[in-house]
Amino acid sequence: MTALVKLEGLSKSFAGIRVLKDVDFDVQPGEVHALLGENGAGKSTLIKIIAGVHAPDGGVIRIGNEELKAITPHEAAKGGIATVYQELLLFPELTVAENVFLGHAPKTRLRTLDWSQMRRRARQLLDSLDSPDLDVDVKVGTLSVANRQRVEIAKALSQDAKVLIMDEPTAALADADVRRLMTVIKRLRERGVGIIYVSHKLPEIFELADRVTVLRDGALIGTRAIGDVTEQSLVAMMVGREIGQLFPKPEPQVGETLLKVSNLSFGDRVRDISFELKRGEILGVAGLVGSGRTELALTIFGITPATSGTIEIEGRAVTISTPKQARNLGIAYVPEDRGLQGLVKPMTIGQNISMAALHRITNGIFINFKAEAQRAADAISQLGIRARGPEQVVGQLSGGNQQKVVLGKWLETEPRILIMDEPTRGIDVGAKAEIHALMGRLAQKGMAILMISSELPEVLGMSDRVLVLHGGRLVTTIDRAHANPESVGAAMTRATLAQEAA
Amino acid sequence: MTAEDAPPFRARRSGLARLFSAYGQEIVIACAILVLFAVVSTINPRFLGANNLNTIVSGNAYIAVAAIGMSMIIITGHIDVSVGALIGVLATISGTLAVSGYPIWFAWIAPVFVGMAVNAVVGVLVAYGRIPSIVVTLGMLSILRGGLVSVTGGAWINNLPPEYQLAQQRLFDIPAPVWFMILFTVLAALWMRHSAFGRSLYAIGGNAEAARAAGIPIERRTVQVFMIHGAIAGLATVLFATQLKIIQSTVPPNLELTIITASVIGGVSILGGTGTVIGSTLAAILFSTIGAAMIFINVSPYWLRAVIGLLILITVLVDMARRNREMRMARR
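A brief look at the structure comes next. (Residues numbered from 1 in each chain as written. Chains lettered and ligands numbered in written order. Predicted model: local features only at pLDDT ≥ 70, side-chain atom pairs only at ≥ 80, totals over all residues.)

A few points about the packing of helix 7 (residues 176–194) of chain B against helix 12 (residues 277–296) of chain B
All names here are of chain B.
Argument step 1. Packing of helix 7 against helix 12 leaves a shortest axis separation of 8 Å and a crossing angle of 155°. The angle between helix 7 and helix 12 falls in the class roughly antiparallel. Only Val 277, Ile 278 and Thr 281 of helix 12 make contact with helix 7, whose side of the interface consists of Met 181, Thr 185, Ala 188, Ala 189 and Met 192.
Argument step 2. In the contact of helix 7 with helix 12, the residues fall into six nonpolar, two polar and no charged. (Axes fitted to C-alpha atoms, helices over the stretch in contact; angles between N-to-C directions. Helix = DSSP H or I, 4+ residues; strand = E, 2+ residues; numbered from the N terminus. Parallel < 35°, antiparallel > 145°, perpendicular 65-115°, else oblique. Contact = placed C-beta atoms within 7 Å. Nonpolar A, V, L, I, M, F, W, Y, C, P; charged D, E, K, R; others polar.)

And the structure:
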């Protein structure tokens, strides 16, 4: 069988740095080919070359039987190559049908838009994607992330895509939506579409992929049939060595209650939530998207102050209406979106790390630069941040290293209570294990950690107890001994059923 | 990867390389000024005369001073298009006080406080009213400009007392405005770089949400930076108003744009979060050097604006190219 797209000996450099070295890659019709590697391994560059965004410096590309030096966006479209990017590229003010057919809308004989055909075909496409509930006339801006993604896939199919590139498609999805996406992908594969699937999540890859290719530092490590690899061997290929334990969790030494939240509410996003967080404990928070997980964190941290309820720290009632108050009470918040609430990207590593604890290194009005550089250097070596040094600009770092900078910033405030919202979203396996190990060490030193995560394995692997939220309410609390995919998953979905029945 | 096998820092880059990466734009402008002097003085040696040099720098010193405040505003992620009109109003207030028999020191100091008060209003509307600064200052621009013409009826202020002419004073044969420009630039540069306050402005301009989460009181800082900018506009006003024996009820056309341009060419990113006040001062000097050079080599000074416009486009283009390169480096 001829490959749909075949790359041979591909190389690419940016600003003198080689990001791809002599890489071979191909996609066959009707297969899911997973592309794996740590951040900075060259995955994004590779798929952007296939999508026609970047031109390679060397190597040969074949689309069908045609041989090319580089793919232009036009040739990519002609060759049936479509991409569903991580950051979805849709127009929020246009309807679903308009988005699906943007740029290639069916026309009437008078060369005007054929609205009825456009709506009908959009309907057919969405039905074929198992989404009969999605209205073609609503504005895309009102849709959930999962639904937008289906629109994006429908858009790709409307252009007769033979090769579909999916870059971290499940990064922002809840479990139920992930499963639905899996079904859609399998259906596309049956139709003969070749799918390039980029993801950090190994379970997905084992469920979906037919073959898997691993890149490391821009070089091809290998392409294997999925039956020939195990989770361990894939991780070893990615990081270049064995990672002993996926969730390194030392025995917890749980102490007295540090944070006590009673009947906490914020509008209808957080409703009447009560729980206790103890010294040395990692308390996981699970729930579907929209269950109020992040909102709970924002409320405790004072970004969206509570509308009712009380918060006690070490038995004393406290008022938290600004992040500054929360910080001064020893609470730190590592946000879900590090680009949005975590980092000031034009600033250096040192400046970011000192940002929340500037008062500690300021004499009178002036910042002590020496102390700042020293603390940054300490954080870099303790957290294993891979960087040129404290004066490197944060925007240049990879996702995992950026996340460590955010963590370093908050550890500088010497918090007693650390709230981590999706601590490892979008970062690679190696950095993930490092952050998990760090969380374990911090808890052992007596820090109380509240960890929000949409990755069930992470919640189960790291938590001493798990809070399950739904619709802004606390559904149940499950001990580590009783927490497993079934019990937590059931708590998350049972609530759904109960509410639908009500 | 644990800390042990993380690669060690690459050896610290040389001092020169770090200086260039931190102050690239400032160095480029300083070089441009030097090259311009070298070229024009070979064509016309009188260009380097002490008197000419003083005129070049002194006449535009008030623009450099106003650009200090403007740079702070832009670094914080805002903009102020009303500062030209504000300087016009403050000049009239100062002149009126001077001819009405108030003490001279009072006429000098009043614009600083009035400027602060006016911009406190702007700052409150921006910070707490959550109105974009461009909208608030556009409104303020109309109010100030309209108000000024209505109140003065376009009349000039004459008969200013001679001792009011601060800008005519000299120390070591260098005009007072030049001293003030240097003093304020150095103070502001130190303040912006070394104080927690200055750092917080860069943080807010770079990412307001992250700054808020880090405990920086964004609203209060916004009001404060607008008030400081108003005070600095007041200082600039004194340098501007005390140059001549009269005060017109108008300011040079597009004064606010000239001031914003000095900031942007000086390396302050219009998107906020980066740049220095040294850059904006150098850019203001560059403008007046270009203007004077054109006269000395017999090019119509009307080309000045076109040349400055060209400089803006080049600067922004270079800034965007740099940003894009950094994004690519980060994303690969």
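Moving on from the model shown.
A look at the environment of Ile314(B)
Argument step 1. Take Ile314(B): it is sitting in helix 13 (residues 303–331).
Argument step 2. Taking C-alpha positions, Ile314(B) is 8.9 Å from Ile265(B), a pair spaced 49 residues apart along the chain.

A few points about helix 6 (residues 133–152) of chain B
Residue and element names in this part refer to chain B.
Argument step 1. With 20 residues, helix 6 extends 28 Å from end C-alpha to end C-alpha; this agrees with the ideal 28 Å at 1.5 Å per step.
Argument step 2. The set of residues buried in helix 6 consists of Ser 133, Val 136, Thr 137, Met 140, Leu 144 and Leu 148. The arc that holds the buried residues of helix 6, viewed along the axis, is 90°, so those residues lie on one side. Those residues of helix 6 that are exposed and angled more than 90 degrees off the buried face are Ser 142, Gly 146 and Ser 150.
Argument step 3. Check the buried side of helix 6 and you find it contacts helix 4 (83–99) and helix 5 (104–127). (Expected span 1.5 Å × (residues − 1). Buried ≥ 20, exposed ≤ 12 C-beta atoms within 10 Å, placed from the backbone. Arc of directions from axis to C-beta.)

Examining the nonpolar core
Argument step 1. Ranked by internal contacts, the top residues of the largest apolar core, which has 174 residues, are Ile419(A), Ile449(A), Val65(B), Ala66(B) and Ile87(B).
Argument step 2. Domain assignment of the residues forming this core places at least three in each of domain 2 (275–330 + 417–502) and domain 3 (343–414) of chain A.
Argument step 3. Membership of the second largest hydrophobic core comes to 74 residues, among which are Ile61(A), Ile153(A), Val214(A) and Ala433(A). (Core = buried A, V, L, I, M, F, W, Y, C linked by C-beta atoms within 7 Å. Domains from an automatic or database assignment.)

Regarding the sheet that holds strand 16 (residues 331–334) of chain A
Residue and element names in this part refer to chain A.
Argument step 1. In spatial order, the strands read 16-19-20-13-21-22; together these six strands make up an open sheet with mixed pairing. The open sheet terminates on both sides in strands that have one partner only, identified here as strand 16 and strand 22 (473–479). For this sheet, the mean angle separating the axes of adjacent strands, direction not counted, is 20°.
Argument step 2. Note: strand 13 (residues 282–287) against strand 20 (residues 448–452), four bridges, orientation parallel. If you follow Gly 284 over to strand 20, its bridge partner there is Met 451.
Argument step 3. Packing of helix 9 (residues 293–300) onto the sheet brings it into contact with strand 13, strand 16, strand 19 (417–421), strand 20 and strand 21 (465–470), and relative to strand 19 it is tilted by some 145°. (Pairing = 2+ DSSP bridges.)

Looking at the packing of helix 5 of chain B against helix 6 of chain B
Any two packed helices are characterised by how steeply their axes cross, that is the angle between the axes, and by the distance between the axes.
All names here are of chain B.
Argument step 1. Following both chains from N to C, one finds helix 5 and helix 6 inclined at 145°, their axes separated by 9 Å at the closest point. In this structure, the crossing between helix 5 and helix 6 has a hand that is right-handed. Of the residues in helix 6, those in contact with Val 122, Leu 125 and Val 126 of helix 5 are Ser 133, Val 136, Thr 137 and Met 140.
Argument step 2. Partitioned by chemical class, the residues of the contact of helix 5 with helix 6 number five nonpolar, two polar and no charged. (Left-handed = near helix turned anticlockwise from the far one by under 90°.)

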